[in-house]
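Chain by chain, the residues run as shown.
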Amino acid sequence: RRLLCHDEGARRSSTMLSSATATAARIDRPMLKRPFKVVAVKFPKFLPRDVERIRDTFALKLAARIERLPVQVSFSEDRIMSSCVTPLMRKETSPVVLLHGFDSSCLEWRYTYPLLEEAGLETWAFDILGWGFSDLEKLPPCDVASKREHFYKFWKTHIERPVVLVGPSLGAAVAIDIAVNHPEAVESLVLMDASVYSEGTGNLATLPKAAAYAGVYLLKSVPLRLYANFLCFNGVSLETKWDWTKIGRLHCLYPWWEDAAVSFMTSGGYNVTSLIKKVSQKTLIVWGEDDQIISNKLAWRLHGELPNATVKQISDCGHLPHVEKPAAAAKLITEFVRETFQCKEVESIS
């Protein structure tokens, strides 16, 4: 059964990935050198106006698709209008839900999202509570428990089918937290360059409020964000890094962003080390071989602690494969989803 599952899954994956791989090749190589072209895009009114200063056409196209859906949670009287990118159509395979990294947004997926759609996957990109483009004017708590409940209520209201949950960097900790506490919502996991061994926000949780706000102000500063791009990416022009900096801090321009960031910081953050061995779902671990943020050696530690996991590494790639190597990232995710789906079909027949 296992051999049949593997062989048939591989055959279907190869067929359905052909057009996506062709597009991905165009994205991986020329996108950094392609001259800017003016694109007429209508953006949602709730996005910060600075979105119009972004030059990256992939970011602009994905930004135009961001919408807000209502989510009722127990810790807020009002429904939270929650930002996400929704799929164009429903599919037979499990929905793929893309999380993002620390203090980021769904725009992280600007290059990989269209490839996953072209490969035929039902793909959602979800903004974690406190980050991204949700309406938090009536600020809810943004601690780990609130982020978890917010995702679960979003899933229960708008998806309600077990999903393939994809978490890059700190998003991997978010994914593990959800998978262990709400296993009915998560069929399988993809963890990319996973930040899952840190002990939350550490001493930052004990800072006085004034110091916490000063730290948060620094977090959204242009120099710090630009420096982070230098750490994450090699072989990328300064012009491109500058544009990526504008994309990465766009959500920080909301008036409530600082309050949300301090709420998370002082809550203690994510510490999921003890949860890793409790993950029951099948897991794909993806890692950039040249990650300068989190050593790829931790991929093998994570592999050893997860009961049902495989590791795939991407060569010549840093901390964010879905930004730096979208073709490779999309291929691995799509193959994993298709093979898992085929395995389920074979098992149901058996």
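Residues numbered from 1 in each chain as written. Predicted model: local features only at pLDDT ≥ 70, side-chain atom pairs only at ≥ 80, totals over all residues. Heavy atoms only, no water.

- Per an unreviewed UniProt entry, the protein chain carries the name AB hydrolase-1 domain-containing protein and comes from Brassica napus.

## Let's talk about the overall build of the protein chain
Move 1: Of regular secondary structure, the protein chain possesses 12 helices and eight strands.
Move 2: Sorting the 350 residues of the protein chain into buried and exposed places 56% on the buried side.
Move 3: The contacts of the protein chain with a sequence gap of at least 6 include a subset with a gap of at least 24, amounting to 75%.
Move 4: Total accessible area on the protein chain is roughly 15,600 Å²; 54% of this is exposed by carbon and sulfur atoms. (Helix = DSSP H or I, 4+ residues; strand = E, 2+ residues; numbered from the N terminus. Buried < 20%, exposed > 50% of the residue type's maximum accessible area, 1.4 Å probe, protein only. Contact = heavy atoms within 4.5 Å. Areas by Shrake-Rupley, 256 points an atom, 1.4 Å probe, with all protein chains shown as cover.)

## Things to note about the side chain of Lys220
Move 1: If you trace the backbone, Lys220 turns up in the loop between α6 (209–219) and α7 (222–232).
Move 2: With a relative accessible area of 18%, Lys220 lands in the buried category.
Move 3: Excluding residues within four positions of it along the chain, Lys220 makes contact with Arg225, Arg249, Cys252, Trp257 and Glu258.

## Considering the sheet that holds strand β1 (residues 66–71)
Move 1: Read from one edge to the other, the open sheet built from eight strands follows the order β1-β2-β4-β3-β5-β6-β7-β8, with strand pairing classed as mixed. The sheet terminates laterally at β1 and β8 (309–314), the two strands that pair on one side only. Strand-to-strand twist across the sheet, computed as the mean angle between neighbouring axes with direction ignored, equals 25 degrees.
Move 2: One ladder, built from two bridges, connects strand β2 (residues 80–85) with strand β4 (residues 123–126); its direction is antiparallel. Looking at the pairing, Cys84 lines up with Phe126 of β4.
Move 3: Against the sheet, helix α4 (residues 144–158) contacts β1, β2, β3 (96–98), β4 and β5 (163–168), and its axis sits at roughly 95 degrees relative to β1. (Pairing = 2+ DSSP bridges. Axes fitted to C-alpha atoms, helices over the stretch in contact; angles between N-to-C directions.)

## A word on the packing of aromatic side chains
Move 1: Counted by the stated rule, this structure contains 12 aromatic pairs.
Move 2: For the ring pair Tyr254 and Trp256, a centre distance of 4.6 Å and an interplane angle of 10 degrees mean the geometry is stacked.
Move 3: Its relative accessible area of 9% is what places Tyr254 among the buried residues.
Move 4: Connected via pairs of aromatic rings, a cluster forms that spans Phe102, Trp131, Phe264 and Tyr270.
Move 5: The ring of Tyr197 has Arg301 lying over it, and the distance from NZ or CZ to the ring centre is 3.7 Å. (Phe/Tyr/Trp six-rings, centres within 6.5 Å; stacked < 30°, edge-to-face > 60°. Lys NZ or Arg CZ within 6 Å of the ring centre and 35° of its normal.)

## A word on helix α5 (residues 170–181)
Move 1: In a regular helix each residue adds 1.5 Å, so 12 residues correspond to 16 Å; α5 covers 17 Å between its end C-alpha atoms and thus fits that length.
Move 2: The buried fraction of α5 is high, at 10 of 12 residues.
Move 3: Every buried residue belonging to α5 is among Leu170, Gly171, Ala172, Ala173, Val174, Ala175, Ile176, Asp177, Ile178 and Ala179, and all of these are buried.
Move 4: Contact partners of the buried residues in α5: α4, β5, β6 (186–192) and α9 (257–267). (Expected span 1.5 Å × (residues − 1).)

## Description of a nonpolar patch on the surface
Move 1: The grouping of Leu218, Leu224, Tyr227, Phe230, Leu231, Leu238 and Ile293 at the surface amounts to a nonpolar patch, some 660 Å² of accessible area in total.
Move 2: At four residues, the largest contribution of residues to the nonpolar patch is made by α7.
Move 3: Secondary-structure assignment places Leu238 in helix α8 (residues 238–248). (Patch = residues over 30% accessible without salt bridge, like charges linked within 9 Å, V, L, I, M, F, W, Y side chains within 5 Å. Salt bridge = Lys/Arg side-chain N within 4 Å of Asp/Glu carboxyl O.)

## Looking at the packing of α4 against α5
Move 1: Relative to each other, α4 and α5 sit at 70 degrees, their axes nearing to 10 Å. By the criterion of interaxial angle, the relationship of α4 to α5 is roughly perpendicular. The interaxial crossing formed by α4 with α5 has right-handed handedness. Residues Val144, Arg148 and Phe151 of α4 pack against Asp177, Ile178 and Asn181 of α5. (Parallel < 35°, antiparallel > 145°, perpendicular 65-115°, else oblique. Left-handed = near helix turned anticlockwise from the far one by under 90°.)

## Concerning the pattern of salt bridges
Move 1: Taken as a whole and judged by the stated rule, the model has 14 salt bridges.
Move 2: Glu122 is paired through a salt bridge with Arg90; the nearest N and O atoms lie 3.6 Å apart. One end of the pair, Glu122, is in the loop between α3 (113–118) and β4; the other, Arg90, is in the loop between β2 and β3, with 32 residues separating them in the sequence.
Move 3: Taking the relative accessible area as the measure of exposure, Glu122 reaches 0% and is therefore buried.
Move 4: For the salt bridge of Lys246 with Asp243, the shortest nitrogen-to-oxygen distance reads 3.7 Å. Pair noted here: Lys246 and Asp243 are both in helix α8, with a separation of three residues, about one helical turn. Like Lys246, the residue Asp243 is buried in the burial classification.

## Observations concerning the pairing of β4
Every other side chain in a regular strand lies on the same face of the sheet, so the side chains alternate between the two faces.
Move 1: Of the two faces of β4, the one lined by Thr123 and Ala125 and the one lined by Trp124 and Phe126 are each fully buried.
Move 2: In this fold, β3 hands off to α3, which returns the chain to β4; that crossover is right-handed. (Right-handed = clockwise from strand over helix to strand, strands pointing away.)

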